[in-house]
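These are the residues of each chain, in order.
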Amino acid sequence: MVSQSIQEPESKKSGLSKSTLLLLLCWIVYTCSYIGKLSYGANIKPIGDAFDVLNADTGLVSTCFFFAYGIGQIVNGILCKKYNVKYVVFTCLAIASAMNLCVGFCPNFALLKYFWLVNGIVMSFLWPTLIRLLSETMKKDKIDRAIVVMGTTVATGTFLIYGISALFTAIADYRWSFCVAATLLLTISIIWFFSFDRLVPALRRECAEEEKQEKVVEEKSETGASGAKVALKGLALLICILAFFAVVNNFVKDGLTTWTPDILNALYGTQDWLSILLTLLLPLLAIPGTVFAVKVYNVVKKYIGACTVMFVMSAVLMGLVIMFTFGFSGSTVAMLITVVSFALISALMSGIDNIIVSMVPLQLKKHVNSGKLAGILNGFCYLGSTISMYGLGAIADNWGWEAGFYVLLGLIGLVVVVGIIYNFISKKHVIR
């Protein structure tokens, strides 16, 4: 009896340590994946200058990536339940490392879109697979922590790759940032491979045992069964609205992240390295934006409602950008307001992303497979990214950035209208 009482806390301590380490490992994997995803986008201006091509041409490379990534997210979301997580993540990171080297040092611009297409395919495996893994290994009391932690990966990875790109553009050559991305991806793939078996099997057993106990309790409770039926009401409509939000959200977020260096260069004449450096403000505020999104949700208690509130804030900020950028064209004050407003919009959009692709799949894991839902919703996120990469570049080439800003404001306004209508018609649904 004494032996058991001594061993039990050690087991619990070990379990807590393993769950923390696994969450940290997943965080590093997805953060590094973003460095490998955005290495091209962070260098889109110097790449365009080096090959002497138009914005629409450089944007087409990113469009190929996001097209493959978006479709892959949906396909892998559906199939990820069958994947061997250990080998899939390792292989995808290794291939992504090779694609970054190919894009960084390929002398033929026409080939870049094919390398980046492959990068999009392999990267599309990661998010649904990692969310599926976390849903299988994180106990109920650790889900909220996982939501917040994984919600910071995009911001951190984006911040790092734009910082690395600004540094190498200023002091050396943009191609070195692809070397850094490739090295990080290959390193974390090896760490993942040799750490997986030490962490995952025990955590999966513990989580499965917890879910088994909860299921027994729910089966004994008629209220629990009734509540589950009520909660499922309107789930399909909720997912459809979230998918629409995901498209617009990422059209705005990734459009600004990709094109801000070119916007600052075109409107204010900033140098390439300074434009990239100023763009660091966008992901820098995205981490508190993720935390802010969780707080908004805790107050509103509705997924769509929380997203709508943050879209309203974004619409106000975009209006400020239009007013100051073109009302006080070329002034330092206008440039500062533009940069800060873009950063705040990026923060809000990152928070909305966290609700859509992290919070919703993990919190609704009893109703729908987390990996499948995360993959489907993330696929729609990258549909928006796909459209924005080529679309915003083409709009700027033909009508200038003022037209691009009005397009962004119009889309945000449309989402706000849809969100308000949805919240009126869904008052009886538990899942909102």
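About the thresholds
Residues numbered from 1 in each chain as written. Predicted model: local features only at pLDDT ≥ 70, side-chain atom pairs only at ≥ 80, totals over all residues. Heavy atoms only, no water. Patch = residues over 30% accessible without salt bridge, like charges linked within 9 Å, V, L, I, M, F, W, Y side chains within 5 Å. Areas by Shrake-Rupley, 256 points an atom, 1.4 Å probe, with all protein chains shown as cover. Salt bridge = Lys/Arg side-chain N within 4 Å of Asp/Glu carboxyl O. Helix = DSSP H or I, 4+ residues; strand = E, 2+ residues; numbered from the N terminus. Buried < 20%, exposed > 50% of the residue type's maximum accessible area, 1.4 Å probe, protein only. Axes fitted to C-alpha atoms, helices over the stretch in contact; angles between N-to-C directions. Parallel < 35°, antiparallel > 145°, perpendicular 65-115°, else oblique. Left-handed = near helix turned anticlockwise from the far one by under 90°. Contact = heavy atoms within 4.5 Å. Nonpolar A, V, L, I, M, F, W, Y, C, P; charged D, E, K, R; others polar. pLDDT = per-residue confidence, 0-100. Expected span 1.5 Å × (residues − 1). Core = buried A, V, L, I, M, F, W, Y, C linked by side-chain atoms within 4.5 Å. 1 Å grid on protein atoms, 1.4 Å probe; cavity = no way out; pocket = protein on both sides within 12 Å on 5 of 7 lines; lining within 4 Å. Points joined across faces, edges and corners; volume = space filled by probe spheres on them.

Draft legend 1. Looking closely at a nonpolar patch on the surface. Nonpolar side chains collect at one region of the surface, where L237, V417, I420, I421, F424 and I425 lie side by side and expose about 570 Å² of accessible area between them. Tallying contributions element by element places helix α18 (residues 401-425) first for the nonpolar patch, with 5 residues. Relative to the assigned elements, F424 resides in helix α18. Owing to a relative accessible area of 57%, F424 belongs among the exposed residues under this scheme.

Draft legend 2. Seen up close, the packing of helix α7 (residues 143-151) against helix α16 (residues 332-363). The interhelical angle for the contact between α7 and α16, taken along N-to-C directions, is 160°, at an axis separation of 10 Å. Looking at the two axes, α7 sits roughly antiparallel to α16. Once α7 is placed against α16, the crossing between them reads as right-handed. The residues of α16 that touch α7, namely those facing I143, D144, A146, I147, M150 and G151, are N354, S358, M359, L362 and Q363. For the contact of α7 with α16, the class distribution of residues is 6 nonpolar, 4 polar and 1 charged.

Draft legend 3. Inspection of unusual backbone geometry at higher detail. If you check the backbone angles, D52 has positive phi at about 55° while not being a glycine. Tracing the backbone through its elements, the reader meets D52 in the loop between α2 (44-51) and α3 (55-79). Here D52 falls in the exposed class, since its relative accessible area comes to 69%. The phi dihedral of K301 is positive, around 65°, even though this residue is not glycine. For K301, the position within the fold is in the loop between α14 (286-300) and α15 (303-327).

Draft legend 4. Up close: the pattern of salt bridges. Summed over the entire model, instances satisfying the criterion amount to 7 salt bridges. In this structure, the salt-bridge partner of K45 is D49, at a minimum N-O distance of 3.0 Å. Of this pair, K45 and D49 both sit in helix α2, 4 residues apart, which is roughly one turn of that helix. With a relative accessible area of 16%, K45 lands in the buried category. The salt bridge involving K253 is made with D353; its shortest N-O contact spans 3.6 Å. A residue pair is termed long-range when its members are at least 10 positions apart, and K253 in helix α11 (residues 235-268) and D353 in helix α16 qualify at 100 residues.

Draft legend 5. Seen up close, the confidence of the model for the protein chain. Residues of the protein chain with pLDDT of at least 70 account for 85%, and the chain-wide mean is 81. Within the protein chain, the lowest mean pLDDT, 44, falls on helix α10 (residues 222-232), and the highest, 95, falls on helix α4 (residues 85-105). Every residue in residues 1-15 scores below 50 in pLDDT, and together they form 2 contacts with partners more than four places removed in sequence or on other chains. When the criterion is pLDDT under 50, residues 222-230 qualifies, and its contacts beyond four places in sequence or with other chains add up to 3 contacts.

Draft legend 6. Structural context of the side chain of S388. Of note, S388 is situated in helix α17 (residues 370-399). Owing to a relative accessible area of 0%, S388 belongs among the buried residues under this scheme. Look past the residues within four positions of S388 in its chain and what remains in contact with it is N250, F251, D254, G255, W259 and G393.

Draft legend 7. Structural detail: the environment of Y406. Checked against the element boundaries, Y406 lands in helix α18. Taking relative accessible area as the criterion, Y406 reaches 45% and is therefore assigned partly exposed. For the pair Y406 and G319, spaced 87 residues apart in sequence, the C-alpha to C-alpha distance is 8.7 Å.

Draft legend 8. Local environment of α16. For α16, with 32 residues, the first-to-last C-alpha span of 45 Å sits near the 46 Å given by 1.5 Å per residue. Within α16, 25 of the 32 residues are buried, which leaves it mostly tucked inside the rest of the structure.

Draft legend 9. Quick peek at the nonpolar core. Among the nonpolar cores identified, the biggest contains 110 residues, and Y40 and W192 are the most heavily contacted of them. If you tally residues by element for this core, the top one is α11, at 13 residues. Leave out the neighbours within four places in its chain, and W192 touches L25, C26, V29, V85, K86, V89, F90, L130 and L133.

Draft legend 10. How the structure looks around empty space enclosed by the protein. Evaluation of the coordinates by the stated rule reveals 3 cavities of 30 Å³ or more. For the largest cavity, the calculated volume is near 140 Å³. Lining the largest cavity are 16 residues, and of these W127, V154, D353, N354 and V357 sit closest to its centre. Broken down by element, the lining of the largest cavity gets its largest block of residues, 5 residues, from α16. Among the residues forming the lining of the largest cavity, the class breakdown is 7 nonpolar, 8 polar and 1 charged.

Draft legend 11. Broad picture of the side chain of S19. Along the chain, S19 turns up in helix α1 (residues 2-42). Classification of S19 by relative accessible area gives buried; the value is 2%. Contact partners of S19, with chain neighbours within four places excluded, come to M138, K142, R145 and L203.

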